[in-house]
Structures are given as structure tokens and as C-alpha cells.
2 protein chains.
Amino acid sequence: MVQSPVLRSPVTASDRLLLEIQRAIVEGDIPAGSKISEPELARRFQVSRAPLREALARLERCHLIERLPNVGARVVTLSVAGLLSLYQLREELEGLACRLAAAHMDDQEIDELKQLLEKHLSTQRVRDGESYYQEEGDLDFHYRVILGSKNSYLINILCDELYFLVRMYRVQLGMNGPRVSRAFDEHKAILNAIANRDGELADLLMRRHISASRHNIELQLKQMGT
Amino acid sequence: MVQSPVLRSPVTASDRLLLEIQRAIVEGDIPAGSKISEPELARRFQVSRAPLREALARLERCHLIERLPNVGARVVTLSVAGLLSLYQLREELEGLACRLAAAHMDDQEIDELKQLLEKHLSTQRVRDGESYYQEEGDLDFHYRVILGSKNSYLINILCDELYFLVRMYRVQLGMNGPRVSRAFDEHKAILNAIANRDGELADLLMRRHISASRHNIELQLKQMGT
DNA sequence: ATAAGGCCTTTTGTCGACAATCTGCTTGTT
DNA sequence: AACAAGCAGATTGTCGACAAAAGGCCTTAT
């Protein structure tokens, strides 16, 4: 089984490029919707175009850029329609992941996940309402559950192909509302269901959790619009 | 909205390569599990390694090959576990696609799909039990429904990333049983549900349809094993 | 004034060669 | 005889340059 591209440490130049450009796009350092100039990026990162193009191919794979033949690449634009499509998928896929995780995670993995949540709780109390938790911690929990499904295709789609786009929406729309503590409780409920081997319940709770998260971002979007 | 890589006619050398190698792998012309030699393929298709590597990157994207840094690419191996994972996902995703299609397909699209089924029926009657229907026609129906969902991420995952692997399993395990006519009836029932705007029912029927198809292939696999 | 057409510049796609890394074998040692 | 170290061959990753295509700009005709 091949390891996830995002987890393995960068061994090659294009690996390093991928991580750097990924971060730059997610953080908005390279603005959404902007054209990508291969010569410019090659100069900026001090590499030839060969590894750069390899990295661009992988960026396309995680939906951060769009390429047209003989025209070039462009950073994706964020939209309400895109957000809805994305979260629609996440609801379905992460729901499935929960059902599978309840069946396939062993007791040790569940224990480790419990400990992770406890760590989140303390972190959250120390710097309550901090966006760090929302950005990394939340996704970390989801990450673990997805890995627990043991379905390699599901893992690949969620962790490699959609993960960064989700982060991009969150970062660029400034997710830092009061949903943090609520999200934590929801995580705990989901994990309980998994620990009880109640896949159906975990599925349902995860769908609600993601649905609530989507609502939250939609609100943020409309708030910005007015 | 960027057009599907598999639909657009090949404009560049790597496009052409992708199609040719895709076919070769799906049909077993390049055997499952075999190592991919870049120099060899480059000679075989009369191109340099640059477009070849571009094509390989896209082949990895649709799960037909697996690459390791500094080691190279290898055609995927087919396994029961892989098949189950794949069909698990399809059930979920194509179920969702049906629900969305019932909501988003317009009357004209539904009419066209009805005509497609009629065409399948006549084709099936003429050369009944032919594998052509099973290979192309069935996937064609699924294809249309997926496109009808209007969810670009869902379309991308199913039509670009999983489609060819599904075909590979079917072709290499020789799907040509008596399921053909039954599958046709199931398609008709699904389409009816969509036409009636009954997304829930379409979802349920599609899940059953795929589940039955999975059972069929599993049977074939076990039959080969004994 | 506007629209069509052709040039020019820039960008993308492809090529062949070089550098870095891995694989398998030989060789030497315990 | 078994195992480790090192070497040779081949393969992958990267580079710089060339070819082909797209987009912009100017000219020209209506």
C-alpha cells in the first residue's frame, strides 16, 4: 500500500515544491483565481520547470489549480456553489468513513484518538477560541477517523484530494467563530459512537457535524457579502 | 468549469499517451502488477520521457498505477480487498449522484437518457448477452447519471478517477454473465425514479444495483480461485 | 468606428543530456 | 556457508534549450 503523498516527508524537489505552493495557495499568498506563470514560479523557487510541472500536476489533483492545455494553470476561485458541492461530498464520504471506522478501528487506535481529543481540550482551554484548533485540530480529528476507515480509495480522496481545498475555504474565509467549543463536543460524541461500534450513529453525527460546519462558513460568506 | 480530461479529444502528446496507456492497462495489454519502464514505454510510443511522465502522473491519479519516488511506477494489482473498497465507495457516491440527479437533471436530459436506454435495449436484443453492453453501455448509463448530479467534484472522482479502475476489474475478470438483462431492468427502474424526482428511491436502487454488480464480480473471482 | 486579419511576444509542450538514486551482483570476511 | 560492503549497471529526477501554440497589438478594410 502506497503511503499518502501528504504524509511522507519530501524526498524530491517536486515534493518540496508541492508543499510550499500548497501552503502558499491555501494561505492566499498566491491569490485565488490568479494565473500561474511557470517561468515566474520556477525563478521564485529556484528550480527548473520540470519538477515545477510535476508539482502543478499534483496541485491539480487536489483541486487547488485548474489547467487547460496550451493555456496554463490558474488558482481555483472560491464560490458558494463550490463550497456546497464540496461539503455535500464530505458529508457523504466522511459519514461513510465513520461507519467503516466503527467497524475497522482497533481499540488502541480509538484510545489514541481519545487522547488526541483530550489534548485538544486542554489546548482549547489555554487559548480558548483560538483559530489554531479550528484549523488544524478539527481537521486532525477528521483525518484520524478517515484513516480508521481503512479504505484506501476513501482515504486518498478525502486526505489527499479534498483536504487542502477544505483548508483553503476555512483559512481564506477566516473561520474563527464561536463554533470551536461546539465542534469539540460534536467530535466527542462521534468518537463515543465509534467506540461503541455504533456505525450508524457515528455516520449520522458526522453528517450533522459537517452540515453545521458548512452552515457556519455559508454564514461567514453572506456576512462578507453584505 | 474545466472539462473532463477523459472527454476532451487529445490535443497534446501526453493526452494521446494517456488514452493509449490507459487502454493498454485496462485491457491487460500491460499486465496488472508489472513494472513500468519509462525508457521502454518512451521507445514504444515514440515520444520523449517528458510527456510520458505527464501521462504517468495522470494514470496515478486514476489509480491505474502506483509510483514511489526514485523507484518508479507499477501497474496496480487487482484484489478482492481492492474490489470491495472500490465498490463500497461507488455505492455511496453513485447513490449520492442519483439523489442529486433527481433534483438537478432537466427534463431534456432525462428524455435523452431514456432514449439511450432504448438504444441499449435494441443493441442488447440484436446481440444478446454480448459483453459490449456490459462494458460500455452500463458504464455509459452510470456516466450520464453522474453528470446529471451537476456536482463537479463528484463527477471528477467518479468519471475521471475511479471509472477506469472499475473497467479494469470488469474487463480483466471477464464480466459476461447473465446479469446483462437484469442490469438493464435495474437501470430502467433507477431512471424512472429520477424522472419521478424521487431521489431517495433512485439512491436506494442504485446502491442495490452496484451491490448486485459487486456480488457478481466477487462470484467470478471466487469461481476463478477454485 | 468597428471588425477582421496578420504579425510579434510570451507561454506552454517536448526534447535530449546530465546528475542522483536505487537494484543486483560481485567480492571479501567471519 | 552466510552475511555485509562495495561496485557496476540501469533507472529516475532535473536541467537548459528548442518547437509549437496562444494572446495581444497593430494594421487595414468596410
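Rules of the game
- Residues numbered from 1 in each chain as written.
- Chains lettered and ligands numbered in written order.
- Predicted model: local features only at pLDDT ≥ 70, side-chain atom pairs only at ≥ 80, totals over all residues.
- Heavy atoms only, no water.
- Helix = DSSP H or I, 4+ residues; strand = E, 2+ residues; numbered from the N terminus.
- Contact = heavy atoms within 4.5 Å.
- Areas by Shrake-Rupley, 256 points an atom, 1.4 Å probe, with all protein chains shown as cover.
- Near = heavy atom within 4 Å.
- Polar contact = N/O pair within 3.5 Å; in protein donor to acceptor, adjacent residues only side chain to side chain.
- Nonpolar A, V, L, I, M, F, W, Y, C, P; charged D, E, K, R; others polar.
- Phe/Tyr/Trp six-rings, centres within 6.5 Å; stacked < 30°, edge-to-face > 60°.
- Buried < 20%, exposed > 50% of the residue type's maximum accessible area, 1.4 Å probe, protein only.
- Lys NZ or Arg CZ within 6 Å of the ring centre and 35° of its normal.
- Expected span 1.5 Å × (residues − 1).
- Buried area = accessible area lost by both parts, 1.4 Å probe.
- Salt bridge = Lys/Arg side-chain N within 4 Å of Asp/Glu carboxyl O.
- Least-squares fit on C-alpha atoms with pLDDT ≥ 70 in both.
- pLDDT = per-residue confidence, 0-100.

Caption draft 1: Here's a closer look at the overall build of chain A. When you go through chain A residue by residue, the secondary structure sums to nine helices and three strands. In chain A, the order of α-helices and β-strands from amino to carboxyl end is α-β-α-α-β-β-α-α-α-α-α-α. Long-range contacts, defined here as pairs at least 24 residues apart, represent 79% of the contacts in chain A between residues at least 6 apart. If you sum the accessible surface of chain A, you get close to 10400 Å²; carbon and sulfur atoms cover 50% of it.

Caption draft 2: The protein's contact with DNA strand C, seen in detail. Taken together, 19 residues lie near DNA strand C, and R49(A), R53(A), T12(B), A13(B) and S48(B) sit nearest. Sugar plus phosphate: this is where 68% of the atoms of DNA strand C within 4 Å of the protein reside. I36(A) is positioned with one of its backbone polar atoms (N or O) 3.4 Å from a phosphate oxygen of DNA strand C. Among the elements of the structure, β1 (35–36), α2 (38–44) and α3 (49–61) of chain A together with α1 (13–26) and α3 (49–61) of chain B are those that each provide at least two residues to the surface near DNA strand C. Examining the composition of the surface near DNA strand C, we find that three residues originate from one element, α3(B), more than from any other. Its residues placed into classes, the surface near DNA strand C shows eight nonpolar, six polar and five charged.

Caption draft 3: Up close: the packing of aromatic side chains. Residue and element names in this part refer to chain A. All chains considered together, the criterion is met by four aromatic pairs over all chains. An angle of 80° between the planes, with centres 5.1 Å apart, marks the rings of Y163 and F164 as edge-to-face. The two residues Y163 and F164 agree in class, both being buried. Here the guanidinium or amino end of R90 rests over the ring plane of Y87, the centre of that ring lying 5.0 Å away.

Caption draft 4: Broad picture of the protein's contact with DNA strand D. In the vicinity of DNA strand D lie 18 residues, with T12(A), A13(A), S48(A), R49(B) and R53(B) positioned nearest. In DNA strand D, the atoms that sit within 4 Å of the protein are 69% sugar and phosphate, with bases accounting for the remainder. At a separation of 2.8 Å, a phosphate oxygen of DNA strand D approaches a polar backbone atom of S48(A). In this structure, a phosphate oxygen belonging to DNA strand D sits 2.6 Å away from a side-chain N or O atom of R53(B). Of all elements in the fold, only α1 (13–26) and α3 of chain A together with β1 (35–36), α2 (38–45) and α3 of chain B reach the threshold of two or more residues within the surface near DNA strand D. Its residues assigned to classes, the surface near DNA strand D comprises eight nonpolar, six polar and four charged.

Caption draft 5: Structural context of α1(B). All names here are of chain B. Between its first and last C-alpha, α1 extends 20 Å over 14 residues, near the 20 Å set by a 1.5 Å rise per residue. Within α1, burial applies to S14, D15, L17, L18, I21, Q22, A24, I25 and V26. The inward-facing, buried residues of α1 contact α2, α3, β2 (65–68), β3 (72–75) and α7 (152–172). A positive backbone phi angle near 85° is found at G28, which sits one or two residues after α1.

Caption draft 6: Molecular detail of unusual backbone geometry. All names here are of chain A. One non-glycine residue, H63, adopts positive backbone phi at about 65°. Structurally, H63 is set in the loop between α3 and β2 (65–68). Under the relative-accessibility criterion, H63 is labelled buried at 11%. Backbone geometry at R197 places phi at a positive 60°, although glycine is not the residue there. Its place among the elements puts R197 in the loop between α8 (179–195) and α9 (199–225). Residue classification places R197 among the partly exposed residues on the basis of a relative accessible area of 36%.

Caption draft 7: Spatial organisation of the interface of chain B and chain A. Each partner contributes to the interface: chain B provides 30 residues, whereas chain A provides 30 residues. Across the interface of chain B and chain A, roughly 2900 Å² is buried in total on both sides, 59% from carbon and sulfur atoms. Sorting the residues of chain B by area buried against chain A places R61(B), E92(B) and Y153(B) first, and these three jointly supply 24% of that buried surface. Where chain B touches chain A, the interface holds ten salt bridges. In this structure, the salt-bridge partner of E54(A) is R67(B), at a minimum N-O distance of 3.5 Å. When contributions to the side of chain B that touches chain A are tallied by element, the ones reaching two or more residues are α3, β2, α4 (80–104) and α7 of chain B. A per-element tally of the side of chain B that touches chain A places α4(B) first, with ten residues.

Caption draft 8: Main features of the relation of the copies chain B and chain A. Of the two same-sequence chains, chain B is brought onto chain A (RMSD 0.0 Å, axial shift 0.0 Å) by a rotation of 180°. Expressed as an axis order, the relation between the two copies is that of a two-fold axis. Looking at the interface residues of chain B, 100% of them are also at the interface in chain A, so both copies use one shared face.

Caption draft 9: The confidence of the model for chain A, seen in detail. On average, residues of chain A score 88 in pLDDT, and 86% of them are at 70 or above. Interface confidence in the predicted complex, given as ipTM, is 0.90; pTM for the same model is 0.91.

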